[in-house]
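Results of the structural survey
One letter stands for each residue in the lines below.
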Amino acid sequence: QANVGEKSDAETVENSSISRFEVELEFIQCLSSPEYLHYLAQQRYFEDPTFLSYLQYLTYWKQPKYAKFLLYPHCLYMLDALLTNKEFRNELLMESFRDFVHQQQFNHWQHFRRDPLS
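So, here's what we can say about the structure.

Rules and cut-offs
- Residues numbered from 1 in each chain as written.
- Predicted model: local features only at pLDDT ≥ 70, side-chain atom pairs only at ≥ 80, totals over all residues.
- Heavy atoms only, no water.
- Phe/Tyr/Trp six-rings, centres within 6.5 Å; stacked < 30°, edge-to-face > 60°.
- Helix = DSSP H or I, 4+ residues; strand = E, 2+ residues; numbered from the N terminus.
- Buried < 20%, exposed > 50% of the residue type's maximum accessible area, 1.4 Å probe, protein only.
- Salt bridge = Lys/Arg side-chain N within 4 Å of Asp/Glu carboxyl O.
- Contact = heavy atoms within 4.5 Å.
- Axes fitted to C-alpha atoms, helices over the stretch in contact; angles between N-to-C directions.
- Parallel < 35°, antiparallel > 145°, perpendicular 65-115°, else oblique.
- Left-handed = near helix turned anticlockwise from the far one by under 90°.
- Nonpolar A, V, L, I, M, F, W, Y, C, P; charged D, E, K, R; others polar.

**Thoughts on the packing of aromatic side chains**
One pass over the full model with this rule turns up 15 aromatic pairs. Look at F27 and F51: their rings are 6.2 Å apart centre to centre, the planes differ by 90 degrees, and that puts the pair in the edge-to-face class. With F27 in helix α1 (residues 9-30) and F51 in helix α3 (residues 49-57), this residue pair connects regions lying 24 residues apart in the sequence. The class of F51 is buried, set by a relative accessible area of 10%.

**Remarks on the pattern of salt bridges**
A full pass over the atoms with the stated rule returns five salt bridges. For E35, the salt bridge goes to R98, with nearest N and O atoms at 3.4 Å. Taken together, the residues E35 in helix α2 (residues 34-42) and R98 in helix α7 (residues 95-111) connect sequence positions 63 residues apart. A relative accessible area of 45% means that E35 is categorised as partly exposed. The buried category is assigned to R98, whose relative accessible area is 14%.

**Examining the side chain of S32**
Considering the arrangement of structural elements, one finds S32 in the loop between α1 and α2. According to the relative accessible area criterion, S32 is buried, its value standing at 8%. Aside from chain neighbours lying at most four places away, what touches S32 is Y72, H74, C75, M78 and Q105.

**With respect to the packing of α3 against helix α5 (residues 74-84)**
Packing of α3 against α5 leaves a shortest axis separation of 10 Å and a crossing angle of 140 degrees. Here α3 is positioned oblique relative to α5, judged by the angle of their axes. The hand of the α3/α5 crossing is left-handed. In this structure, α3 uses L52, L55 and Q56 to contact α5, whose residues at the interface are L79, L82 and L83. A class-by-class count of the residues in the contact of α3 with α5 yields five nonpolar, one polar and no charged.

**A closer look at unusual backbone geometry**
In this structure, R44 is a non-glycine residue whose phi angle is positive, near 65 degrees. With respect to the secondary-structure elements, R44 resides in the loop between α2 and α3. According to the relative accessible area criterion, R44 is partly exposed, its value standing at 44%.

Laid out in structure tokens, this is it:
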């Protein structure tokens, strides 16, 4: 029996699940930032098989029941590019490529229309 003020095992699991969800939500959305991707490349994260496995794990965010929580869905595109394109990962080391990706992202957002008929 738990003492007063102590959390039960069920409460701990529930709270850690919420925390994990929030941490993974925040992290995956960071992948929409070319600046952050450049930082990860500089720190050689993309050369670490464990990190690449973690990125693979995060593909569950593509499922609609999770994707609906994303404020920056462009992160899913970046996630796919990171997982499938080694050249993309390598190019992120260069500031000029980081800036290029940022400009392309800006152009997309500037001209993207939710209603294609408007």
